[in-house]
Amino acid sequence: MTLPMVVPVDGLPPRVRIHEVGPRDGLQNEKTVVPTEVKAEFIHRLATAGLTTVEATSFVHPKWVPQLADAEQLFPMLADLDVELPVLVPNERGLDRALALGARRIAVFASATETFASRNLNRTVDESLTMFEPVVARARADRVQVRGYLSMCFGDPWEGPVPVPQVVRVAKALMDLGCDELSLGDTIGVATPGHVRALLTALDEAGVPTTAVGVHFHDTYGQALSNTLAALQHGVTTVDASAGGLGGCPYAKSATGNLATEDLVWMLQGLGVETGVDLGLLTATSVWMAERLGRPSPSRTVRALSHKE
Ligand code: HMG
Ligand code: MG
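Residues numbered from 1 in each chain as written. Chains lettered and ligands numbered in written order. Predicted model: local features only at pLDDT ≥ 70, side-chain atom pairs only at ≥ 80, totals over all residues. Heavy atoms only, no water.

Engineer: Before we go on, may I ask you to explain the environment of proline 161 in this structure?
Structural biologist: Checked against the element boundaries, proline 161 lands in strand S8 (residues 160–161). Overall, the relative accessible area of 72% leaves proline 161 in the exposed class. Ignoring anything within four residues of it in the chain, the contact list for proline 161 reads Phe154 and Gly155. (Helix = DSSP H or I, 4+ residues; strand = E, 2+ residues; numbered from the N terminus. Buried < 20%, exposed > 50% of the residue type's maximum accessible area, 1.4 Å probe, protein only. Contact = heavy atoms within 4.5 Å.)

Structure below.
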């Protein structure tokens, strides 16, 4: 079988926008530096497979994430692509770099916990919000779309479970800065479906509408797909995923890859939810990338579809 049988269920959106994070969240954790040409080809292949939003790279300090130090070389190599290419920007220095290359979508990235804010951004939670303030204001003045990532929404490797009100406070603060969209990060993959629903409900009640919320699940405990289904049933229509299940976060111990885009597409296809993605082309892309990285993709769907008798 190369596609699942289509059996729709009530209460799901007709279409989901996949926010592909493989080239950024996926590759940022790779120890061996991937050549810039390979990254560019990866992104081109993802666009050809039908992904319309592909997070391309980060304009962070090159010493903090050496894998993405080639952002200035890579971004211009994507100029021919007719897809959205968001980039991560932590501060005004990063924004200057991104705007100089014509980026039209940026993402700032906050943390719901103090320990991760300190490890990832060298700031307290509130100091990082202060750092983002001029970034979001300047981006909006330039009509650049802003996504606000929020990490450690469900659990933190140093602090343990993260109380829902603590997450809601920072989520609201990001929206109040002027972010167009919020992405709820389960950075270490510990969430379960009831927890997802509880957070989405609390956000709704605090005035952060589900229509502005995307979900960003890592698959450490194999919960990413069930959590995604719970989010879709709550009305979420933007789902982050990483081709081939690449990924992790260099500043969060025990973070493994994101939800694999292929696993997500298989489920959505079976549910009759439109994604615009060609699963065959996407799987071929992840097999190609796995060969470049020298190890097989962790995605079950990639393994099943590329298995040769
Ligand atoms: P810092 O050391 O506090 O930086 O790092 P600073 O503001 O003190 O500046 C020090 C020097 O760095 C200055 O240079 C700056 O110009 C330079 P000097 O004046 O000394 O010569 N600098 C920069 N250079 C280039 N680009 C920049 C930049 N900023 C400052 N943008 C900083 C603070 C935010 C820069 C640092 O902590 C950083 O780069 N962190 C990035 C960490 C990261 O990328 N983590 C992974 C992404 S988050 C993630 O994966 C989670 C997510 O997937 C969701 C989830 O799963 O939860 C999104
Ligand atoms: Mg992530």
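And the narrative resumes.
Engineer: How should the pattern of salt bridges be read in this particular structure?
Structural biologist: Oppositely charged side chains can pair when the atoms bearing their charge come close. The full count for this structure, using the stated rule, is 16 salt bridges. Notably, a salt bridge pairs glutamate 291 with arginine 292, separated by 3.9 Å at the nearest N-O pair. Through salt bridges that share partners, Arg17, Arg147, Glu181 and Asp240 make up one connected network. (Salt bridge = Lys/Arg side-chain N within 4 Å of Asp/Glu carboxyl O.)

Engineer: What am I meant to see in the sheet that holds strand S10 (residues 213–217) here?
Structural biologist: One key point about sheets: their strands pair by backbone hydrogen bonds, in either a parallel or an antiparallel sense. One open sheet holds the 9 strands; their spatial order is S2-S1-S11-S10-S9-S6-S5-S4-S3, and the pairing between them is parallel. Each having just a single partner strand, strand S2 (53–54) and strand S3 (57–58) make up the two edges of the open sheet. Pairing analysis gives 2 bridges linking S3 to strand S4 (residues 87–88), with the strands arranged parallel. Bridge assignment links threonine 57 to a residue of S4, and that residue is valine 87. Strands in contact with helix H9 (residues 224–234) are strand S9 (181–186), S10 and strand S11 (238–241); relative to S10, the strand with the most contacts, it is inclined by about 170°. (Pairing = 2+ DSSP bridges. Axes fitted to C-alpha atoms, helices over the stretch in contact; angles between N-to-C directions.)

Engineer: Looking at this model, I keep getting lost on the side chain of threonine 283. Mind explaining?
Structural biologist: Position of threonine 283 among the secondary structure elements: in helix H11 (residues 279–293). Looking at threonine 283, its side chain comes within polar contact range of the main-chain oxygen of leucine 279, at 2.8 Å. Threonine 283 has contacts with Glu262, Val302 and Leu305, leaving out every residue within four places of it along the chain. (Polar contact = N/O pair within 3.5 Å; in protein donor to acceptor, adjacent residues only side chain to side chain.)

Engineer: Would you mind going over the state of the cysteines with me for this structure?
Structural biologist: Following the criterion strictly, the structure yields 0 disulfides and no others. Cysteine 153 carries a free sulfur, and the closest cysteine sulfur to it, the one in cysteine 179, is 13 Å from it. For cysteine 179, a relative accessible area of 6% corresponds to the buried category. (Disulfide = S-S within 2.5 Å.)

Engineer: Whenever I open this one, the environment of leucine 177 confuses me. Can you help?
Structural biologist: As for its placement among the helices and strands, leucine 177 is situated in helix H7 (residues 164–177). Measuring from C-alpha to C-alpha, the distance between leucine 177 and arginine 24 comes to 24 Å, with 153 residues separating the pair along the chain. Sequence-distant contacts of leucine 177, defined by excluding residues within four places in its chain, comprise Leu129, Phe132, Glu133 and Val136.

These figures capture arrangement, not role.
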